[in-house]
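An overview of the molecular structure
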Amino acid sequence: MQHLKRTAAAVALTASALLVSACSSGTTSDATTNAADGRPIVNKENWPKKTPTSGLTKDLTLPLEAFMASYEDQVTVEQAANDLQQSCMKDYGFDLTLPRAGANPPPSDNDANIERRYGLTDRAEAEKYGYELAPALREHTRQTMRDLSDVEVEVLTGHTKPELPQAPEGVKEGGAFAAPGQGTKPARTEYNGKKLKTGGCIGWSKDQLGAAEADPIIVAQLAGDSLVQSMKDDEVIKALAAWSSCMDGKGHTGLADPYKAMDQGVTSDGEPTQESIALAVDDIDCKKQTDLVKIWFGVESAIQDKQIADNKSGLTGIKERHGKEVGAAREQMATSAQ
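The structure contained in this document is the topic of the report that follows. (Residues numbered from 1 in each chain as written. Predicted model: local features only at pLDDT ≥ 70, side-chain atom pairs only at ≥ 80, totals over all residues. Heavy atoms only, no water.)

1. What about helix 12 (residues 312-337)?
Side chains three or four residues apart in an α-helix point the same way, a direct result of the helix having 3.6 residues per turn. For helix 12, spanning 26 residues, the distance from its first C-alpha to its last is 37 Å, which sits close to the expected 38 Å at 1.5 Å a residue. When we look at burial in helix 12, the residues that qualify are Leu315, Gly317, Ile318, Glu325, Val326, Ala329 and Gln332. At its buried positions, helix 12 is contacted by helix 2 (71-91), helix 6 (200-209), helix 7 (217-230) and helix 11 (292-310). (Helix = DSSP H or I, 4+ residues; strand = E, 2+ residues; numbered from the N terminus. Expected span 1.5 Å × (residues − 1). Buried < 20%, exposed > 50% of the residue type's maximum accessible area, 1.4 Å probe, protein only. Contact = heavy atoms within 4.5 Å.)

Next up, the structure:
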């Protein structure tokens with residue numbers, strides 16, 4: 001059961017983690033294309049669809065997705081914050097260009113990760129890539145930037161630049177030694193005769209957008225719980241057993257659920273093999289033959305409907321706050337474009 005909980009939590013939160021990594025590059029640039037090969041930094045064609053358009057999850061949307069931030073909304077808020085931070089820095093005399101949001105999209109639009117929530121579901125993708133992501137989603141667009149001075153860090157963040165530790169005795173400066181920076185201190189109170197913002201330009205931008213201090217992780221937690229509960233439902237257990245029997249008949253023995261197939265099919269170097277592709281295709285064919293995805297989705301949808309009813313006030317508040325934040329972000333971006 002502990003393994004089941006870890007698996008369900010991982011599936012439910014994978015998209016969320018990917019959103020963070022995709023939106024939070026540590027580099028910046030004022031370019032509009034990748035310097036390496038001329039690709040556009042932000043290519044919306046690679047962004048995940050809000051609802052799957054193919055495969056066994058085509059047109060499926062779980063009830064809790066209504067309370068999850070879409071990737072497009074995440075990008076909108078981050079880009080608006082970037083614009084505000086750049087404007088704020090300019091007021092202090094600094095010309096700073098932050099990363100373009102949306103450069104490295106995740107494979108799923110939100111925390112539900114519906115495309116792979118019940119394992120692989122798109123046969124056309126499986127025939128090409130097995131259990132791996134499409135090449136476009138494995139690429140990483142880099143955006144380079146200059147180092148920020150000590151005072152720029154203070155104005156931007158509201159605290160001092162982390163101090164780099166001294167290299168141990170016998171290790172030359174600039175060598176292979178690397179260690180985390182030391183703790184920071186509050187920034188100076190003013191610069192160029194102007195008082196610094198509370199929390200720096202970053203904190204100010206969040207206030208301008210009405211961004212919540214804490215991410216509404218409760219939605220992702222509920223989604224993880226609903227997945228765990230669904231796998232203990234008699235109807236899902238029966239469908240999983242039928243899928244496992246189907247896979248056994250195709251020569252893939254010992255697979256209790258699609259997550260086991262995924263663990264077995266993922267390759268060490270990220271490149272699909274004939275064996276992994278064959279496993280992936282059989283996996284999806286058995287799902288279709290046993291109606292596993294349809295059954296599982298139906299059971300989990302009912303569970304989430306009850307979760308929403310039990311947490312209506314909190315979830316409604318999250319949705320309203322998110323709507324206001326996105327609305328403020330869109331207004332800000334429209335103003336910046338003028």
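Next, the rest of the story.
2. Focus: the state of the cysteines
Under the defined criterion, the tally for this structure stands at two disulfides. Between the sulfur of Cys88 and that of Cys201 lies a disulfide, 2.1 Å long from S to S. Judged by the sign of its S-S torsion, about -70°, the bond between Cys88 and Cys201 is left-handed. A residue pair is termed long-range when its members are at least 10 positions apart, and Cys88 in helix 2 and Cys201 in helix 6 qualify at 113 residues. Neither residue differs from the other here; Cys88 and Cys201 are each classed as buried. In this model, Cys246 is linked to Cys286 through a disulfide, with the two sulfur atoms separated by 2.1 Å. (Disulfide = S-S within 2.5 Å.)

3. Side note on the packing of aromatic side chains
For the structure shown, the criterion picks out four aromatic pairs. An angle of 20° between the planes, with centres 5.2 Å apart, marks the rings of Phe94 and Tyr191 as stacked. Highlighted residues: Phe94 in the loop between helix 2 and helix 3 (123-129) and Tyr191 in strand 1 (residues 190-191), separated in sequence by 97 residues. By relative accessible area, which is 22% here, Tyr191 ends up partly exposed. Among the aromatic side chains, those forming a connected cluster through ring pairs are Tyr118, Tyr259 and Trp296. Positioned above the aromatic ring of Tyr92, the side-chain terminus of Lys194 is 5.0 Å from the ring centre. Against the face of Phe67 rests Lys319, its NZ or CZ located 5.5 Å from the ring centre. (Phe/Tyr/Trp six-rings, centres within 6.5 Å; stacked < 30°, edge-to-face > 60°. Lys NZ or Arg CZ within 6 Å of the ring centre and 35° of its normal.)

4. As for the environment of Ser70
In this fold, Ser70 is placed in the loop between helix 1 (2-23) and helix 2. Along the backbone, Ser70 and Ser108 are 38 residues apart, and their C-alpha atoms lie at a distance of 9.1 Å. Residues within four places of Ser70 in sequence aside, it is in contact with Lys50 and Asp109.

5. Focus on the nonpolar core
Counting residues in each nonpolar core, the largest one holds 40 residues, and the members touching the most others are Leu64, Tyr118, Tyr131, Trp243, Trp296 and Leu315. At the level of secondary structure, the elements contributing two or more residues to this core comprise helix 7, helix 8 (234-249), helix 9 (258-265), helix 10 (274-290), helix 11 and helix 12. For Trp296, the contacting residues outside a window of four places in its chain are Tyr118, Leu227, Ser230, Met231, Val236, Leu240, Pro258 and Tyr259. Residues Phe94, Val153, Val155 and Ala187 belong to the second largest nonpolar core, which totals 14 residues. (Core = buried A, V, L, I, M, F, W, Y, C linked by side-chain atoms within 4.5 Å.)

6. Examining helix 2
Taking 1.5 Å per residue as the helical rise, helix 2 with its 21 residues ought to reach 30 Å, and the 30 Å between its terminal C-alpha atoms agrees with that figure. The element helix 2 is largely enclosed, with a buried count of 16 among its 21 residues. In the stretch just after helix 2, Gly93 is the one whose phi turns positive, near 95°.

7. What about the pattern of salt bridges?
Counted by the stated rule, this structure contains ten salt bridges. One salt bridge connects Arg138 with Glu271, and the closest N-O pair in it is separated by 3.3 Å. Here Arg138, found in helix 4 (residues 135-138), pairs with Glu271, found in the loop between helix 9 and helix 10; they are 133 residues apart in sequence, far enough to count as distant. Residue classification places Arg138 among the partly exposed residues on the basis of a relative accessible area of 34%. (Salt bridge = Lys/Arg side-chain N within 4 Å of Asp/Glu carboxyl O.)

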